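A structural walkthrough
Okay, here's what each chain looks like letter by letter:
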Amino acid sequence: MLNSLAAGRRLALRLVLWQLGVAAMAGFIFLIQGRRAALAALAGALVVALGNALAGARAFSPGGAGVALARLILGTLLKWAVVFTGVYVIMVRWQLPPAPAIAGLIMAVLVNLFALRFKQ
């Protein structure tokens, strides 16, 4: 049973690292449109990476098996709360362009599909 927890932790770490790489790539791609667009794309992807890091930390925290499902659900709720709050801050508070922010967010979320598809 401990091996599956360790594998889950490794997968969560690998997912966040890939999302950080995609965030840098999104920022670099949108640099063509200007600094504000690049910052919006970078921030949009970083928000998803932060949310997944918090969800992974919450889901794989030490504790009994009886509360594992509750930790997973709370981690997922925390992740999406961070993502929605981050998107609000990016678009409303910082007034960055919404299209690059959403594109960066989508790019980072798509990493989930590849990470789960090609897990080792």
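Residues numbered from 1 in each chain as written. Predicted model: local features only at pLDDT ≥ 70, side-chain atom pairs only at ≥ 80, totals over all residues. Heavy atoms only, no water.

The next subject is the overall build of the protein chain. Helices and strands together make up the secondary structure of the protein chain, namely four helices and zero strands. Listing every helix and strand of the protein chain by position from the N terminus yields α-α-α-α. Each of the three principal axes of the protein chain carries a C-alpha extent, and together these read 50 × 30 × 15 Å. Counting every position in the protein chain, which comprises 120 residues, the buried fraction comes to 37%. In the protein chain, the share of contacts with a sequence separation of at least 24, taken over all contacts with a separation of at least 6, comes to 71%. (Helix = DSSP H or I, 4+ residues; strand = E, 2+ residues; numbered from the N terminus. Buried < 20%, exposed > 50% of the residue type's maximum accessible area, 1.4 Å probe, protein only. Contact = heavy atoms within 4.5 Å.)

Right, let's get into the nonpolar core. By size, the foremost hydrophobic cluster in this structure holds 13 residues, and its most contacted members are Val48, Val83, Ile90 and Leu105. Listing elements by their share of this core, those giving two or more residues are α2 (35-59), α3 (68-93) and α4 (98-117). It is α2 that provides the largest number of residues to this core, a total of five residues. With residues up to four places along the chain from it excluded, the contact list for Val48 reads Gln19, Val83, Leu105, Ala108 and Val109. (Core = buried A, V, L, I, M, F, W, Y, C linked by side-chain atoms within 4.5 Å.)

In this structure, Gln95 is a non-glycine residue whose phi angle is positive, near 55 degrees. When you line up the elements, Gln95 lands in the loop between α3 and α4. Look at Gln95 and you get exposed, because its relative accessible area is 57%.

Residues annotated in UniProt with the feature "transmembrane region" (unreviewed entry) correspond here to residues 12-32, 38-57, 69-91 and 97-116. The span residues 12-32 is 86% helical and 0% strand by assignment, and the distance between its end C-alpha atoms comes to 31 Å. Secondary structure within residues 69-91 divides into 100% helix and 0% strand; the distance between the first and last C-alpha atoms comes to 33 Å. (UniProt positions renumbered as here; feature names shortened; annotations may be inferred.)

Attention now goes to α3. The end-to-end C-alpha distance of α3 is 36 Å, a good match for the 38 Å that 26 residues give at a rise of 1.5 Å each. Among the residues making up α3, those that are buried are Arg71, Gly75, Lys79, Val82, Val83, Gly86, Val87 and Ile90. Buried residues in α3 make contact with α2 and α4. (Expected span 1.5 Å × (residues − 1).)

On to the packing of α2 against α3, then. Running from N to C, α2 and α3 point in directions that differ by 160 degrees, and their axes come no closer than 8 Å. On the basis of the axis angle, α2 is roughly antiparallel to α3. Between α2 and α3 lies a crossing of right-handed hand. Across the interface between the two elements, Ala43, Gly44, Val47, Val48, Leu50, Gly51, Asn52, Leu54, Ala55, Arg58 and Ala59 of α2 pack against Arg71, Leu72, Leu74, Gly75, Thr76, Leu78, Lys79, Val82, Val83, Gly86 and Ile90 of α3. For the contact of α2 with α3, the per-class residue count stands at 13 nonpolar, six polar and three charged. (Axes fitted to C-alpha atoms, helices over the stretch in contact; angles between N-to-C directions. Parallel < 35°, antiparallel > 145°, perpendicular 65-115°, else oblique. Left-handed = near helix turned anticlockwise from the far one by under 90°. Nonpolar A, V, L, I, M, F, W, Y, C, P; charged D, E, K, R; others polar.)

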